[in-house]
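Read off the chains here:
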Amino acid sequence: MKILANDGIAQSGIDALEKSGFEVITTTVAQEQLQNYINENQIVALLVRSATKVRKDLIDSCPGLKLIGRGGVGMDNIDVAYAREKGLHVINTPAASSESVAELVFAHLFGGVRFLHDSNRNMPLDGDSKFKQLKKTYAGGTELRGKTLGVIGFGRIGRATAKVALGIGMKVLYFDPFIEKSSVEISFFDGQSVSFDFESQSKASVIASSDFITLHVPAQKEYVIGKNEFEAMKEGVGIVNAARGGVLDEVALIEALENGKVAFAGLDVFESEPSPEIKILMHPNISLTPHIGAATGEAQDRIGTELATQIKALLK
Ligand SMILES: NC(=O)c1ccc[n+]([C@@H]2O[C@H](COP(=O)([O-])OP(=O)(O)OC[C@H]3O[C@@H](n4cnc5c(N)ncnc54)[C@H](O)[C@@H]3O)[C@@H](O)[C@H]2O)c1
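Computed from a predicted structure; not experimentally measured.

**Student:** So what about the pairing of strand β4 (residues 67–70)? Which residues, and what values?
**Tutor:** By the alternation rule, side chains of β4 split into Leu67 and Gly69 and Ile68 and Arg70, which are all buried. Traced from strand β3 (residues 43–48) through helix α3 (residues 56–61) to β4, the parallel crossover comes out right-handed. Sheet analysis places β4 next to strand β5 (residues 89–92), joined by four bridges and oriented parallel. Following the sheet pairing, Gly69 is matched in β5 by Ile91. With respect to chirality, the unit in which β4 leads through helix α4 (residues 80–85) into the neighbouring parallel β5 is right-handed.

**Student:** So what's going on with the sheet that holds strand β1 (residues 2–5)? Residues and values would help.
**Tutor:** Pairing within the open sheet is parallel, and its five strands lie in the order β2-β1-β3-β4-β5. Taken across any chain shown, the strands that pair with only one partner, and hence form the sheet edges, are β2 (23–25) and β5. Adjacent strand axes in the sheet meet at a mean angle of 20 degrees, parallel and antiparallel pairs treated alike. Relative to β2, β1 runs parallel, the two sharing three bridges. Each bridged residue has a counterpart across the sheet, and for Lys2 the counterpart in β2 is Glu23. Where helix α13 (residues 297–315) meets the sheet, it contacts β1, β3, β4 and β5, and its direction lies at approximately 160 degrees from that of β5.

**Student:** Please provide a residue-by-residue account of the site of the ligand, values included.
**Tutor:** Arg156, Ile157, Asp176, Val217 and Asp268 are the nearest of the 26 residues found near the ligand. Here Asp176 contributes a side-chain N or O atom positioned 2.6 Å from an oxygen atom of the ligand. Between the ligand and Ala294, the relevant distance is 3.4 Å, taken from an oxygen atom to a main-chain nitrogen or oxygen of the residue. Coverage of the ligand by the protein amounts to 87% of the 860 Å² it exposes when considered alone. When the residues that make up the shell around the ligand are grouped by side-chain class, the tally is 14 nonpolar, eight polar and four charged.

**Student:** An account of the packing of aromatic side chains is requested, with residue identities and associated values reported.
**Tutor:** On inspection of all chains with the given rule, the structure shows seven aromatic pairs. Taken together, a centroid distance of 6.5 Å and an interplanar angle of 25 degrees make the contact between Phe196 and Phe198 stacked. The exposure class assigned to Phe196 is partly exposed, which follows from its relative accessible area of 32%. With 6.2 Å between their ring centres and 45 degrees between their planes, Phe212 and Phe264 make a pair best called tilted. Taken together, the positions of Phe212 in strand β10 (residues 212–215) and Phe264 in strand β12 (residues 262–267) put the pair 52 residues apart, joining distant regions of the chain. In this pair, the class of Phe212 matches that of Phe264, namely buried. Members of the aromatic cluster, each reached through a chain of ring pairs, are Phe154, Tyr174, Phe196 and Phe198. The ring centre of Phe22 lies 5.1 Å from the NZ or CZ of Lys316, which sits over that ring.

**Student:** Could you give an account of the layout of surface pockets, naming the residues involved and the relevant values?
**Tutor:** Taken as a whole, the second largest pocket holds about 200 Å³ of empty space. Counting only elements with at least two residues in the lining of the second largest pocket, the list comes to α5 (98–113) and β12. Among the residues forming the lining of the second largest pocket, the class breakdown is five nonpolar, seven polar and two charged.

**Student:** Give a detailed account of a negative patch on the surface, specifying residues and quantitative values.
**Tutor:** Taken together, the side chains of Glu99, Glu103, Glu298 and Asp301 define an acidic patch exposed on the protein surface. Of all the secondary structure elements, the ones that give two or more residues to the negative patch are α5 and α13. Along the chain, Glu99 falls in helix α5.

**Student:** Provide a residue-level description of the pairing of β1, including the pertinent values.
**Tutor:** Note on the crossover from β1 through helix α1 (residues 11–19) to β2: the handedness is right-handed. The pairing of β1 with β3 spans four bridges and is parallel. Among the inter-strand pairings, Leu4 is bridged to a residue of β3, identified as Leu46.

**Student:** Outline the pattern of salt bridges, listing residues and values.
**Tutor:** Considering all chains together, one arrives at eight salt bridges under this definition. The partner of Asp79 in a salt bridge is Arg55, with the nearest N and O atoms 3.1 Å apart. Taken together, the residues span a long stretch of sequence, with Asp79 in the loop between β4 and α4 and Arg55 in the loop between β3 and α3 at a distance of 24 residues. We classify Arg55 as partly exposed; its relative accessible area is 29%. A salt bridge links Lys261 to Glu235, with the nearest nitrogen and oxygen atoms 3.7 Å apart. Taken as a pair, Lys261 in the loop between α11 (250–258) and β12 and Glu235 in the loop between α10 (227–232) and β11 (237–241) lie far apart in primary sequence, 26 residues in all. The class for Lys261 is buried, based on a relative accessible area of 15%.

Definitions and limits used
- Residues numbered from 1 in each chain as written.
- Predicted model: local features only at pLDDT ≥ 70, side-chain atom pairs only at ≥ 80, totals over all residues.
- Heavy atoms only, no water.
- Buried < 20%, exposed > 50% of the residue type's maximum accessible area, 1.4 Å probe, protein only.
- Helix = DSSP H or I, 4+ residues; strand = E, 2+ residues; numbered from the N terminus.
- Right-handed = clockwise from strand over helix to strand, strands pointing away.
- Pairing = 2+ DSSP bridges.
- Axes fitted to C-alpha atoms, helices over the stretch in contact; angles between N-to-C directions.
- Contact = heavy atoms within 4.5 Å.
- Near = heavy atom within 4 Å.
- Polar contact = N/O pair within 3.5 Å; in protein donor to acceptor, adjacent residues only side chain to side chain.
- Areas by Shrake-Rupley, 256 points an atom, 1.4 Å probe, with all protein chains shown as cover.
- Nonpolar A, V, L, I, M, F, W, Y, C, P; charged D, E, K, R; others polar.
- Phe/Tyr/Trp six-rings, centres within 6.5 Å; stacked < 30°, edge-to-face > 60°.
- Lys NZ or Arg CZ within 6 Å of the ring centre and 35° of its normal.
- 1 Å grid on protein atoms, 1.4 Å probe; cavity = no way out; pocket = protein on both sides within 12 Å on 5 of 7 lines; lining within 4 Å.
- Points joined across faces, edges and corners; volume = space filled by probe spheres on them.
- Patch = residues over 30% accessible without salt bridge, like charges linked within 9 Å, V, L, I, M, F, W, Y side chains within 5 Å.
- Salt bridge = Lys/Arg side-chain N within 4 Å of Asp/Glu carboxyl O.
- Lys, Arg positive; Asp, Glu negative; His and termini not counted.
- Charge placed at Lys NZ, Arg CZ, Asp CG, Glu CD.

Okay, here's the thing in structure tokens:
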């Protein structure tokens with residue numbers, strides 16, 4: 001049985017699948033050629049990350065397809081309900097990348113409070129001639145320790161992010177309309193662990209009381225953070241979006257950066273992905289990554305083996 005991993009798959013996943021007799025093809029087939037490729041090569045399982053779209057028309061035109069697998073969490077690039085209606089298995093690996101995304105959030109936060117995103121742009125240009133001037137420009141940083149992190153969406157990644165925050169001495173608040181109470185357990189290297197209990201606060205109070213805000217909600221129809229929310233934030237707040245582009249209003253963000261309400265933003269995801277707006281890309285107070293939250297060796301290994309285990313159980 002042939003599997004097309006169109007957006008790639010970790011070697012751990014390929015090994016596990018090949019050991020069970022599957023053939024794994026890792027060619028990236030262009031979206032418009034997918035239908036032909038799948039039918040001509042008798043592909044039974046199509047594995048994607050976030051790039052390849054699996055819409056109704058593709059599902060309808062590939063009758064031999066038995067399974068669609070998403071290496072990662074969000075399945076907004078797949079018509080999941082329709083595929084299931086048609087009898088296909090649709091699987092994902094929801095837990096595999098949470099810690100990697102949480103660490104990337106902190107890369108943006110630690111970078112943001114010390115202006116690393118901007119310093120890294122200007123040191124190569126002027127570091128040898130204007131060192132003292134740059135030193136002055138990037139002085140006045142702040143510590144994260146002791147500050148309040150507001151987590152919007154307290155699912156797997158929200159909780160993983162809270163753990164890192166607690167570990168460096170931050171206060172953590174969260175808002176999640178579907179999780180009234182939650183506890184997170186932080187495990188240390190030597191087997192000790194500490195458990196923290198939380199209660200969801202109102203969105204308004206999390207937004208008004210946080211020094212830094214991080215978004216961990218699924219894709220949705222309306223902005224979770226827009227003009228009104230920015231206006232209600234503390235002056236000089238830092239905000240990170242490593243969830244989905246459409247949950248944060250980028251026009252309102254630019255305005256909030258321009259008027260000083262937001263000191264910096266860290267963005268891993270973009271409204272107009274994969275062609276983010278130039279105003280966002282060029283802004284000196286935005287720390288940028290190209291949707292790499294789950295792109296660590298560890299997360300991809302876990303995704304690969306988790307996909308392989310599920311595929312073996314469903315198709316063998
Ligand atoms: N940057 C990346 O590479 C990357 C990688 C993995 C996942 N993600 C994204 O991260 C997000 C979170 O993933 P997860 O695994 O934590 O999902 P999850 O389902 O475990 O948690 C999402 C939480 O958001 C809550 N929620 C829904 N709507 C909300 C709202 N309007 N306000 C507040 N909370 C709300 C839900 O109740 C849920 O608890 C998803 O959008 C996912 O696509 C990004």
